[in-house]
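# Structural characterization, general
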Amino acid sequence: MSDVIEQYFVKNEPYYRPVADEVKLYEAAYSVRMPMMLKGPTGCGKTRFVEYMAWKLGKPLITVACNEDMTASDLVGRFLLDAQGTRWQDGPLTTAARYGAICYLDEVVEARQDTTVVIHPLTDNRRVLPLEKKGELVGAHPDFQLVISYNPGYQSLMKDLKQSTKQRFGALDFNYPQHDIETEIVSHETGIDSAIADKLVSIAERARNLKGHGLDEGISTRMLIYAGNLIAKGVDVHAACRMALVRPITDDPDMRDALDAAVTTFF
Ligand code: ADP
């Protein structure tokens, strides 16, 4: 196999704690190369899940964090100028299609709609990627699979996937894990004991109930892991929670005080 793709193999088993039957369902989807959409709030385990699945299936994984400035060329590739003249450089999507990687487009809604259209011919039975500027039609490698993540909470009229895009994917719902599972994850990832992890999860659950009532998004599993990492380093729990859980998600003084109060309720 080419050196180009070698670097994308997930070498060590990522820690992933299954929350339902998502591993089995994903394996079935991969076996028929169904493009997949992982739906759910930020920081709830979608990226970790794809890393784990790529490792389990023994396939390379190419991840692209999408943003609003991303153009189709950033995905597909472009001609570059060098001392020898111009040369074509494949973008991450093209590399994945050529060599048979799983291509994970994280937060695909962020990308401009013309960008999402380039994935269309790869996600139906054609499984091809036209490189218009180069005049090449890349037929996807049999192992290639496209996976996107999508946060339904962020959708707006301007920023939503088109139905014609959505309907090309199978979808798995992700959410913050159940209390005991999330406690286990936070404790495993940070090394803090489960009694503290349990309290961190309870604080997050309080904040999640405020979503839509002054908070755009609840405290994620990722944030709990930040807090746990600080606590494991000896930072005072209150300071750690303020810094990792409360300050990042609100600028509103009343909401900040309410969340700080939730922290003191548990610690
Ligand atoms: P997303 O892609 O949904 O924004 P991530 O996959 O980056 O979120 O998850 C954030 C962190 O939460 C991960 O780095 C991991 O430490 C932890 N995590 C969340 N869910 C799980 C899980 N089910 N098993 C193991 N770790 C998890």
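From a predicted model like this one, the values you see are computed outputs, not experimental measurements. (Residues numbered from 1 in each chain as written. Predicted model: local features only at pLDDT ≥ 70, side-chain atom pairs only at ≥ 80, totals over all residues. Heavy atoms only, no water.)

## Focus on the pattern of salt bridges
Charged atoms that come close allow side chains of opposite charge to pair. Tallied over the entire structure, the rule returns 16 salt bridges. Close ionic contact of D124 with R168 constitutes a salt bridge, the shortest N to O distance being 3.2 Å. Of this pair, D124 sits in the loop between α6 (113–117) and β6 (128–131) while R168 sits in the loop between α7 (163–166) and β9 (170–173); the two residues are 44 residues apart in sequence, bridging distant segments of the chain. Residues joined by salt bridges that share partners form a network here, namely D90, R98, K134 and E136. (Salt bridge = Lys/Arg side-chain N within 4 Å of Asp/Glu carboxyl O. Helix = DSSP H or I, 4+ residues; strand = E, 2+ residues; numbered from the N terminus.)

## Examining the site of the ligand
Around the ligand, the surrounding shell holds 16 residues, and the nearest of these are R17, G43, T47, R48 and E189. R17 has a polar backbone atom sitting 2.8 Å from a nitrogen atom of the ligand. T47 places a polar side-chain atom, nitrogen or oxygen, 2.5 Å from an oxygen atom of the ligand. Relative to its unbound accessible area of 560 Å², the ligand is 91% covered by the protein chains. (Near = heavy atom within 4 Å. Polar contact = N/O pair within 3.5 Å; in protein donor to acceptor, adjacent residues only side chain to side chain. Areas by Shrake-Rupley, 256 points an atom, 1.4 Å probe, with all protein chains shown as cover.)

## Structural notes on helix α12 (residues 253–266)
Here α12 is 14 residues long and its end C-alpha atoms lie 20 Å apart, about the 20 Å a rise of 1.5 Å per residue gives. M255, L259, D260, A262 and V263 are the residues of α12 that are buried. End-on view of α12: buried residues confined to an arc of 150°, all on one side of the axis. For α12, the exposed residues lying more than 90 degrees away from the buried face are D254 and T265. (Expected span 1.5 Å × (residues − 1). Buried < 20%, exposed > 50% of the residue type's maximum accessible area, 1.4 Å probe, protein only. Arc of directions from axis to C-beta.)

## Points about the UniProt feature "domain: CbbQ/NirQ/NorQ C-terminal" (unreviewed entry) in the protein chain
Listed under "domain: CbbQ/NirQ/NorQ C-terminal" (unreviewed entry) in the UniProt record, and renumbered for this structure, are residues 182–265. For residues 182–265, helix accounts for 70% and strand for 0%, while the C-alpha atoms at its two ends are 20 Å apart. (UniProt positions renumbered as here; feature names shortened; annotations may be inferred.)

## Side note on the packing of helix α2 (residues 22–31) against helix α3 (residues 46–57)
For the pair α2 and α3, interaxial distance at closest approach is 11 Å and the crossing angle is 60°. Between α2 and α3, the crossing angle belongs to the class labelled oblique. Here α2 runs over α3; the crossing is right-handed. For the pair α2 and α3, the contacting residues are E22, V23, Y26, E27 and Y30 in the first and F49, Y52, M53, K56 and L57 in the second. The residue makeup of the contact of α2 with α3, split by class, is 7 nonpolar, no polar and 3 charged. (Axes fitted to C-alpha atoms, helices over the stretch in contact; angles between N-to-C directions. Parallel < 35°, antiparallel > 145°, perpendicular 65-115°, else oblique. Left-handed = near helix turned anticlockwise from the far one by under 90°. Contact = heavy atoms within 4.5 Å. Nonpolar A, V, L, I, M, F, W, Y, C, P; charged D, E, K, R; others polar.)

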